Amino acid sequence: MNARWPLIALRRIAEVFAVLWGAATLSFLALALIPGDPVDALLGPNVGASPALRETVSTDLGLGEPILVRYVMFLGRIATLNFGRSYRLGRDVTDLIGERISSTAQLALGAFAIAIALALTLAVVSSIGGRMTRSVIGTVELIGSSAPSFWIGILAITVFSFGFGWFPSTGSAGFSALVLPSITLAIPIGCILSRVLREGIDHARAQPFDATIRARGVSRSGVVIKHGLRHATIPTLTLSGWALAGFLGGAVLIETVFARSGLGRLLVDAITTRDIPVVTAVVMLSALAFVLVNMLVDLLSLAVDPRLRTGSRS
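Residues numbered from 1 in each chain as written. Predicted model: local features only at pLDDT ≥ 70, side-chain atom pairs only at ≥ 80, totals over all residues. Heavy atoms only, no water.

Right, let's talk about the overall build of the protein chain for a bit. Assigned secondary structure in the protein chain consists of 15 helices and two strands. In the protein chain, of all internal contacts separated by at least 6 residues, the share reaching a separation of at least 24 is 72%. Carbon together with sulfur atoms contributes 68% to the accessible area of the protein chain, which is approximately 16300 Å² in total. (Helix = DSSP H or I, 4+ residues; strand = E, 2+ residues; numbered from the N terminus. Contact = heavy atoms within 4.5 Å. Areas by Shrake-Rupley, 256 points an atom, 1.4 Å probe, with all protein chains shown as cover.)

Another point: the packing of aromatic side chains. Enumeration over the complete set of coordinates arrives at five aromatic pairs. Relative to Trp 166, the ring of Phe 164 lies with its centre 4.6 Å away and its plane at 20 degrees, an arrangement referred to as stacked. Put simply, the rings of Phe 28, Tyr 71 and Phe 74 pair up and form one aromatic cluster. (Phe/Tyr/Trp six-rings, centres within 6.5 Å; stacked < 30°, edge-to-face > 60°.)

Following both chains from N to C, one finds helix α5 (residues 93–128) and helix α13 (residues 263–272) inclined at 130 degrees, their axes separated by 8 Å at the closest point. Between α5 and α13, the crossing angle belongs to the class labelled oblique. Along the contact surface, α5 presents Leu 96, Ile 97, Arg 100, Ile 101 and Thr 104, while α13 presents Leu 263, Gly 264 and Leu 266. Residues that form the contact of α5 with α13 fall into these classes: five nonpolar, two polar and one charged. (Axes fitted to C-alpha atoms, helices over the stretch in contact; angles between N-to-C directions. Parallel < 35°, antiparallel > 145°, perpendicular 65-115°, else oblique. Nonpolar A, V, L, I, M, F, W, Y, C, P; charged D, E, K, R; others polar.)

Turning our attention to a nonpolar patch on the surface. Judged by side-chain polarity, Phe 150, Trp 151, Ile 154, Leu 155 and Leu 253 come together as a nonpolar surface patch covering roughly 500 Å² of accessible area. Here the element with the most residues in the nonpolar patch is helix α7 (residues 149–163); it accounts for four residues. Inspection of the secondary structure puts Trp 151 in helix α7. What makes Trp 151 partly exposed here is its relative accessible area of 46%. (Patch = residues over 30% accessible without salt bridge, like charges linked within 9 Å, V, L, I, M, F, W, Y side chains within 5 Å. Salt bridge = Lys/Arg side-chain N within 4 Å of Asp/Glu carboxyl O. Buried < 20%, exposed > 50% of the residue type's maximum accessible area, 1.4 Å probe, protein only.)

Scanning the entire structure with this criterion turns up one salt bridge. Note that Arg 91 is salt-bridged to Glu 99, the shortest N-O span being 2.4 Å. Given the relative accessible area of 31%, Arg 91 is considered partly exposed. Overall, the relative accessible area of 46% leaves Glu 99 in the partly exposed class.

The relative placement of two packed helices comes down to the angle between their axes together with the axis-to-axis distance. Closest axis-to-axis distance for the α5/helix α6 (residues 131–146) pair is 8 Å, and the angle between their directions is 155 degrees. Relative to α6, the element α5 lies roughly antiparallel. For α5 against α6, the interelement crossing comes out left-handed. Taken together, the residues of α6 that come into contact with α5 (itself represented by Leu 122, Val 125, Ser 126 and Ser 127) are Thr 133, Arg 134, Ile 137 and Glu 141. Residues belonging to the contact of α5 with α6 are distributed by class as follows: three nonpolar, three polar and two charged. (Left-handed = near helix turned anticlockwise from the far one by under 90°.)

Even without a glycine there, the phi angle at Leu 81 is positive, about 60 degrees. Secondary-structure assignment places Leu 81 in the loop between α4 (67–79) and β1 (85–86). For Leu 81, a relative accessible area of 57% translates into the label exposed.

Its 15 residues give α7 an end-to-end C-alpha distance of 20 Å, which sits within 8% of 21 Å, the value for a rise of 1.5 Å per residue. Roughly 25 degrees is the biggest bend found in α7, and it falls at Ile 157. Those residues of α7 that fall on the buried side of the exposure criterion are Ser 149, Ile 152, Gly 153, Ala 156, Ile 157 and Ser 161. (Expected span 1.5 Å × (residues − 1). Bend = angle between axes of the 7 residues up to and from the residue.)

What follows is the structure, given as structure tokens:
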């Protein structure tokens, strides 16, 4: 094993804790700097604030303590996964997250698989095909990556749900309810990944080894699939990790358009009603998803490209 690996792993772990600490600190400051009574901010406009409830909230948050003590208490609750209670819903935030995370994870993984398949198909066909094929696929990629996801979702519902009746337009029960949201979420990212992957393939095919392999009788498609894709892995892998982390962080627009009961929908409702404990929990979970996926991508990149392990990029 390369001697740099333990140091790299320790640095990545330190980065995880640094990002989570930063997210927690910003969440605390957002609550501390809200004008007016923080109890009113936590309870929101839709909760009847009886004196007993106000006293409970004040005690839970230690509002009578100095701000530094409250900050340490806040970090302690985050470290023990005690995100508090949604006073609007009357339930622990951890329970609410646990009920919704499965739906968001299914959507994220489904969209990620479709995005990867779409990117591979477009990039390979474009690299193998002629000028006309490349032009058509480039136009498709431009439209797909530029179109707003909510517009794609509305169009998908209109055509495939209302028009053909193939899939339900709303809900999160069953595989059929997952198809349209996953495709809608995957199309923009898949088109972006395709462009990055194709550029990587083009760069690889411009290297001297391409002519050598072709001289051995390997077909153009064989060069692209067996060699071009492998050399285009690193930038695509990095962008794929960012996409997956974004999906796991909560597809807010897609879950709202398709009325899915996931973290994105929960976050929108929490922001609308100023349910700050829920917002804090979702923000922390999103930050954790980003840093863990990015750490995994970095480690995979080291495994795929030996030049990164030796510090050489030539």
